[in-house]
Amino acid sequence: MATLGDIGVAAALNVITALIFLIAFAILRLQPFNDRVYFPKWYLKGLRTSPATSGAFAGKFVNLDYRSYLRFLNWMPDALKMPEPELIDHAGLDSAVYLRIYLLGLKIFIPILFLTWAILVPVNWTNDWLERSNATYSDIDKLSISNIPQSSHRFYAHVVMAYAVTFWTCFALKKEYETVTKMRLHFLQSEKRRPDQFSVLVKNVPPDADESVSEAVEHFFLVNHPDHYLTHQVVLNANKLAKLVEEKKSKQNWLVYYQNKYERNQSKRPVMKTGFLGLWGEKVDAIQYHITEIEKLSNEIAEEKENVKNSPKATMPAAFVSFKTRWGAAVCAQTQQARNPTLWLTEWAPEPRDVYWKNLAIPYVSLTVRRLLMSVAFFFLTFFFIIPVAFVQSLANIEGLEKQASFLKPIIEVKPIKAFIQGFLPGIALKIFLILLPTILMTMSKFEGFLSISKLERRSASRYYLFNFFNVFLASVVTGTVLEQLHTFLRKSVSDLPAIIGVAIPMKATFFITYIMVDGWSGTAGEILRLKPLIIYHLKNFFLVKTEKDREEAMDPGSIGFNTGEPQIQLYFLIGLIYAVVTPLLTPFILVFFALAYVVYRHQIINVYNQEYESSAAFWPDVHGRIVGALVISQLLLMGLLGTKAAASSTPFLLALPVLTIGFHMYCKGRFEPAFTKYPLQEAMMKDTLERAREPNLNLKGYLENAYLPPIFKEAESDSEDDDDDEVSDKKWAKDNVLVPTKRQSRKSTPVPSKMSNGSSPNLLDIQEKDKP
């Protein structure tokens, strides 16, 4: 069994790893050639154009100012200086509320740490049950509930502490839900005009032999919303067009690469093979080949664009409908439109950046089947993943590993190796197994047909959390217990089995401590280093960058990644709440994670991450619900554990806890959740009235009529303009083999379009300028 010394060695190893990452980041971020890697948000917002504009650099590539190295850790206090209102204005409400999840973890677990260490640690430590039971144990187990004798009255301390943990957690959750609700309503009331405030998404438009989809939508809303209907944009299936545009982009990148290559060495024309991955096929001039392919794709794009616009088959039975007022949009989005509740379905339209355009082409009737198939697929994915988890658990048990591979015993017993195996290897092995999981779950969510990126991420996050619960937590406890003590179960009587299970469950705390240190400490520190984006940016900068626009596209600011980050946080809430009463030693490790992650992700949100969409903290009900679920699970597991300890007199007092917690959840659901699913008509009318008073002559139709035009059309038009600009250049390349500077210019837009949807909210100022006489 792992001892406190082993945990100390593992903690030292992970602290050193985290410090190496943090120091490396602190130095790399000071170098001018890394400025776009570690401060891309400021470039994308147009507030920074070069490293020199920051005033902190003395060299072109390497920072020669020695004073900046003396202050290399200043990024930590700097990350905490920006006030929350300014952070919301800078990065959006989603980012600010996401950071509050880490603060909520600190608010919950700091008081729990003081209470459990002041009461439960002495209660657990001052017993000798494990010594008298002849069980295999360590100092860590002596600090846990495992060290309490059967039927002991000391279990009342754990029952009282369970009530204290529950009441404090519920109090913190209610206060946070109330705060976030107020923040959301204030944000919606004070934020600038956006197309989604006036628009709804209409699905399942019934077919009409005498009218097109566009005519049917216009007719329906002119009849049923005559005073508020303004305009609409039918949904088009432009997926094929999107593929052609992406293929053209790829060819353009290769063209730039070969042009740059030839510029560096003009004595030899670059050649390539036209076969698969350039491994075989006819050898051709690489520059001329890509110029020809780009011209061919441009013609195909123009043809497909006309086909999508004019073909009835490309028009889907859905549309984005915009209204003259927010009040009119709220009424439409939140009411039934027809007698048949399956027709003319309306919901709030996502903001243009949040729309996942590819899924708009999925027929509504197939969504139920798709979601059923993905539910079955997720069940099998979760079930079969237990196999690698069981293997990881075998690494965490030195004794079991020595029995199965006795020839390794001399090596394993070496103290540094033993500490590495128990304190580092299981956590990193499990982390490797989980690398591909987010991509798989996101693909499943896309197949289900969700129409916005925010809903895709929330769905993926929900499944990721369930997966973590069954495979990282539950399978780690149950599988490990069964495999390690199967032979003991066979030799003991049935009456002894509850005591064996009661001892084994708290002993899994060692594994979760190592997992928290590897994933929570080292993993979080590794996130700020941004090693992968750093390498990719410099590769692109060397091989592909030719203009400022190319350099801007080479930046990869990334995003918060709600679909992966939030389930990870929830796993720590689950582990922390379960082990708060069982093994209080684990709580400090949880707190270190929440504190470090808050500082790191606050820095990333301020300087790095690109806000891909704004859902106005619509995810908070999911966050709240999962923490409440973790609290109920911790209560049920504690009841089961005390049942194995023959604590018949104290266990019944825990029966009220799940009932009270579920009742609390129902109260919060009724009191706060409506603010996240509906828009109050009172708020909508108030905002409309104030806007009419400020801007009585606003041309709202000009602002909304193209807001939901598929962004792929805008890209195709942009590429067409670039082709006109580059035509002379390309001909010159083909004829004289002389590099001619491109005429492309950097097109900065704020907010930056989402990488997944490529959409961006229109700029109202541009619309107003366009409408001026």
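Data block above holds the structure.
Residues numbered from 1 in each chain as written. Predicted model: local features only at pLDDT ≥ 70, side-chain atom pairs only at ≥ 80, totals over all residues. Heavy atoms only, no water.

Caption draft 1: Expanded view of the side chain of Thr583. Examined against the element boundaries, Thr583 turns out to sit in the loop between helix 27 (562–582) and helix 28 (587–607). Assessed through its relative accessible area of 0%, Thr583 is described here as buried. Once residues lying within four places of it in the same chain are set aside, the contact partners of Thr583 are Ser144, Pro506 and Ala509. (Helix = DSSP H or I, 4+ residues; strand = E, 2+ residues; numbered from the N terminus. Buried < 20%, exposed > 50% of the residue type's maximum accessible area, 1.4 Å probe, protein only. Contact = heavy atoms within 4.5 Å.)

Caption draft 2: Focus on the state of the cysteines. Enumeration over the complete set of coordinates arrives at 0 disulfides. The closest cysteine sulfur to the non-disulfide-bonded Cys170 is located on Cys668, 7.8 Å from its own sulfur. Look at Cys170 and you get buried, because its relative accessible area is 10%. With a relative accessible area of 0%, Cys668 lands in the buried category. (Disulfide = S-S within 2.5 Å.)

Caption draft 3: Looking closely at helix 32 (residues 681–694). Spanning 14 residues, helix 32 covers 20 Å between terminal C-alpha atoms, matching the ideal 20 Å at 1.5 Å per step. Considering only its buried residues, helix 32 is in contact with helix 10 (155–190) and helix 14 (326–333). (Expected span 1.5 Å × (residues − 1).)

Caption draft 4: Just the packing of helix 10 against helix 29 (residues 620–644), in detail. For the pair helix 10 and helix 29, the least separation of the axes is 11 Å and the interaxial angle reads 175 degrees. By the angle class used here, helix 10 and helix 29 are roughly antiparallel. For the pair formed by helix 10 and helix 29, the contact residues are Phe155, His158, Val159, Ala162, Thr166, Thr169, Cys170, Leu173, Glu176, Tyr177 and Val180 on the first element and Trp620, Pro621, His624, Ile627, Val628, Leu631, Gln635, Leu638 and Leu642 on the second. For the contact of helix 10 with helix 29, the per-class residue count stands at 14 nonpolar, 5 polar and 1 charged. (Axes fitted to C-alpha atoms, helices over the stretch in contact; angles between N-to-C directions. Parallel < 35°, antiparallel > 145°, perpendicular 65-115°, else oblique. Nonpolar A, V, L, I, M, F, W, Y, C, P; charged D, E, K, R; others polar.)

Caption draft 5: The packing of helix 24 (residues 509–529) against helix 27, seen in detail. At a minimum axis separation of 12 Å, helix 24 and helix 27 run at an interaxial angle of 150 degrees. Here helix 27 runs roughly antiparallel to helix 24, going by the angle between their axes. Two packed elements cross with a definite hand, and for helix 24 against helix 27 that hand is left-handed. Side by side, helix 24 and helix 27 meet where Ala509, Phe512, Tyr515, Ile516, Asp519 and Gly520 of the first sit next to Gln568, Leu571, Tyr572, Ile575 and Tyr579 of the second. (Left-handed = near helix turned anticlockwise from the far one by under 90°.)

Caption draft 6: Focus on a nonpolar patch on the surface. Taken together, the side chains of Leu372, Val376, Phe379, Phe380, Phe383 and Phe384 make up a nonpolar region of the molecular surface, amounting to roughly 650 Å² of accessible area. Structurally, Val376 is set in helix 15 (residues 367–384). Among the residues examined, Val376 registers a relative accessible area of 43% and is labelled partly exposed. (Patch = residues over 30% accessible without salt bridge, like charges linked within 9 Å, V, L, I, M, F, W, Y side chains within 5 Å. Areas by Shrake-Rupley, 256 points an atom, 1.4 Å probe, with all protein chains shown as cover. Salt bridge = Lys/Arg side-chain N within 4 Å of Asp/Glu carboxyl O.)

Caption draft 7: Summary view of the pairing of strand 1 (residues 199–203). In terms of burial, strand 1 is a largely internal element, 5 of the 5 residues being buried. Direction of pairing for strand 1 relative to strand 5 (residues 315–323): antiparallel, over a ladder of 4 bridges. Across the sheet, residue Val202 finds its bridge partner in strand 5, namely Ala319. In this sheet, strand 6 (residues 345–348) lies alongside strand 1 in antiparallel orientation, the contact comprising 4 bridges. For Val202, the partnering residue across the bridge sits in strand 6 and is Thr346. (Pairing = 2+ DSSP bridges.)

Caption draft 8: Up close: the packing of aromatic side chains. By the definition in use, this model includes 38 aromatic pairs. Ring centres of Phe109 and Phe573 lie 6.0 Å apart, and the angle between their planes is 35 degrees; this geometry places the pair in the tilted category. You can see Phe109 sitting in helix 7 (residues 93–125) and its partner Phe573 sitting in helix 27, a full 464 residues away along the chain. Take Phe109 and Phe573: they sit in the same class, and that class is buried. Aromatic ring contacts, followed pair by pair, group Tyr98, Tyr102, Phe109, Phe562, Tyr572, Phe573, Phe593, Phe594, Tyr601, Tyr609 and Phe619 into a single cluster. The side chain of Arg269 reaches across the aromatic face of Tyr262, ending 5.2 Å from its centre. (Phe/Tyr/Trp six-rings, centres within 6.5 Å; stacked < 30°, edge-to-face > 60°. Lys NZ or Arg CZ within 6 Å of the ring centre and 35° of its normal.)

Caption draft 9: Expanded view of the pattern of salt bridges. Per the stated rule, a full pass over the model turns up 22 salt bridges. Among the salt bridges present, the one from Glu347 reaches Lys455, with a minimum N-O distance of 3.5 Å. Residue Glu347 is located in strand 6, and its partner Lys455 is located in helix 22 (residues 453–491); the two are separated by 108 residues in the primary sequence. Of the residues examined, Lys455 reaches a relative accessible area of 34% and is grouped as partly exposed. One continuous salt-bridge network, built from bridges that share partners, spans Arg193, Arg326, Asp688, Glu691 and Glu695.

Caption draft 10: Geometry of the sheet that holds strand 6. Strand order in the open sheet formed by 4 strands is 2-5-1-6, and the pairing between neighbours is antiparallel. In the strand order of this sheet, the two ends are held by strand 2 (229–236) and strand 6, each with one partner. Strand-to-strand twist in this sheet, taken as the mean axis angle between neighbours without regard to direction, amounts to 25 degrees. Contacts from helix 14 reach strand 1, strand 5 and strand 6 within the one sheet, and its direction differs from that of strand 6 by about 130 degrees.

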